[in-house]
Amino acid sequence: MTQVTNTPYEALELGQTASYSKTVEERHIQLFAEMSGDRNPVHLDAEFAAKSMFKDRIAHGMFSGALISAAVACELPGPGTIYLGQQMTFQKPVKIGDTLTVRLEILEKLPKFRVRIATRVFNQNDELVVDGEAEILAPRKLQTVSLAELPPITVG
């Protein structure tokens, strides 16, 4: 099991950063389509996608949003964080095989344990693919938790 320690509100500092990376695989596209119900052919049908403005299949935009959520929940501030809101704009398409890196930065500490965080996603070429900002409720106390081990899932 992986142990993760959060950063409580009092310990957060303006400009503090963290990152989280994942390479987009075919199975992620399939699983995200199944989980979300979004079966837009630009994500799943190579022939359809070839005729689109992207010329190839692309990942769901909210897949990047889910990675932002993982970064906030598991990296900074980490376990115990509650999402209050997320604004994001999609700058470039994400394709299968891209390695995405979420970069978080603490922008502002607000009253009542609220925090504004820059949430930007970059591809392997350091190109901005998603620009955004989250508002969260930071954990009040220091905690170390074990992250659940996930079962292997294959797409058939």
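Calculation rules
- Sequence positions are assigned chain by chain, starting from 1 and proceeding in written order.
- Only residues with pLDDT of at least 70 are given local features in this predicted model, and only at 80 or more are side-chain atom pairs given and counted; all residues enter the totals for whole chains, interfaces and linings.
- Water and hydrogen atoms were dropped before computing side-chain values, which therefore reflect all heavy atoms in the structure.
- Only DSSP runs of H or I with at least four residues qualify as helices, and only runs of E with at least two residues qualify as strands; both kinds are numbered from the N terminus onward.
- In these tables, accessible area is a Shrake-Rupley quantity obtained with a 1.4 Å probe, and a residue counts as shielded only by the protein chains included in the view.
- Charged residues are defined narrowly, with Lys and Arg counted positive, Asp and Glu counted negative, and His plus the chain ends left uncounted.
- Charged side chains are reduced to one point each, which is NZ for Lys, CZ for Arg, CG for Asp and CD for Glu.
- UniProt positions are given in the numbering used here, feature names are shortened, and annotations may be inferred rather than shown by experiment.
- Pairing between strands is defined by DSSP: at least two bridges between them are needed.
- Each axis is a line fitted through C-alpha atoms, and for a helix only the stretch in contact is used; angles between axes span 0 to 180 degrees, taken between their N-to-C directions.
- Note on contacts: a residue pair qualifies if any of its non-hydrogen atoms lie within 4.5 Å across the two residues.
- Whether a residue is buried, partly exposed or exposed follows from its accessible area with a 1.4 Å probe, protein chains only, as a fraction of its type maximum: under 20%, in between, or over 50%, in that order.

Let's shift gears to the overall build of the protein chain. Counting its secondary structure elements, the protein chain contains four helices and seven strands. Secondary structure of the protein chain in N-to-C order comes out as β-β-α-α-α-α-β-β-β-β-β. In terms of its C-alpha atoms, the protein chain occupies a principal-axis envelope of roughly 50 × 35 × 25 Å. Total accessible area on the protein chain is roughly 8,900 Å²; 52% of this is exposed by carbon and sulfur atoms. The positive charge centre, built from 16 side chains, and the negative charge centre, built from 19, are 4 Å apart in the protein chain.

With that out of the way, let us pick up the UniProt feature "domain: MaoC-like" (unreviewed entry) in the protein chain. As annotated by UniProt and renumbered to match this structure, "domain: MaoC-like" (unreviewed entry) occupies residues 18–115. Along residues 18–115 the backbone is 35% helical and 29% strand, and the end-to-end C-alpha distance reaches 15 Å.

A word on the sheet that holds strand β3 (residues 82–90). Sheet architecture is open: five strands sit in the order β2-β4-β5-β6-β3, paired in antiparallel fashion. The open sheet has two edge strands with one neighbour each: β2 (17–23) and β3. Each strand axis lies, on average, 20° off the axis of its neighbour in the sheet, ignoring direction. Summarising the sheet, strand β4 (residues 99–109) and strand β5 (residues 114–122) pair through eight bridges and their orientation is antiparallel. Pairing of L104 across the sheet is with T119, part of β5.

So, on to the side chain of H28. Tracing the backbone shows H28 in helix α1 (residues 26–36). Setting aside its immediate chain neighbours within four residues, H28 contacts K22, T23 and F63.

Following L76, the chain continues into P77 via a peptide bond in cis, with omega recorded as 0°. With respect to the helices and strands, P77 occurs in the loop between α4 (61–74) and β3. The residue D126 is not glycine, and still its phi comes out positive at about 60°. Note that D126 resides in the loop between β5 and β6 (128–137).

Attention now moves to the environment of L104. Structurally, the position occupied by L104 is in strand β4. Assessed through its relative accessible area of 1%, L104 is described here as buried. Each C-alpha atom, one on L104 and one on V72, is 7.7 Å from the other, the two residues being 32 residues apart in sequence. Not counting the four nearest positions on each side in its chain, L104 is found in contact with Q16, T17, A18, A71, V72, L76, I117, A118 and T119.

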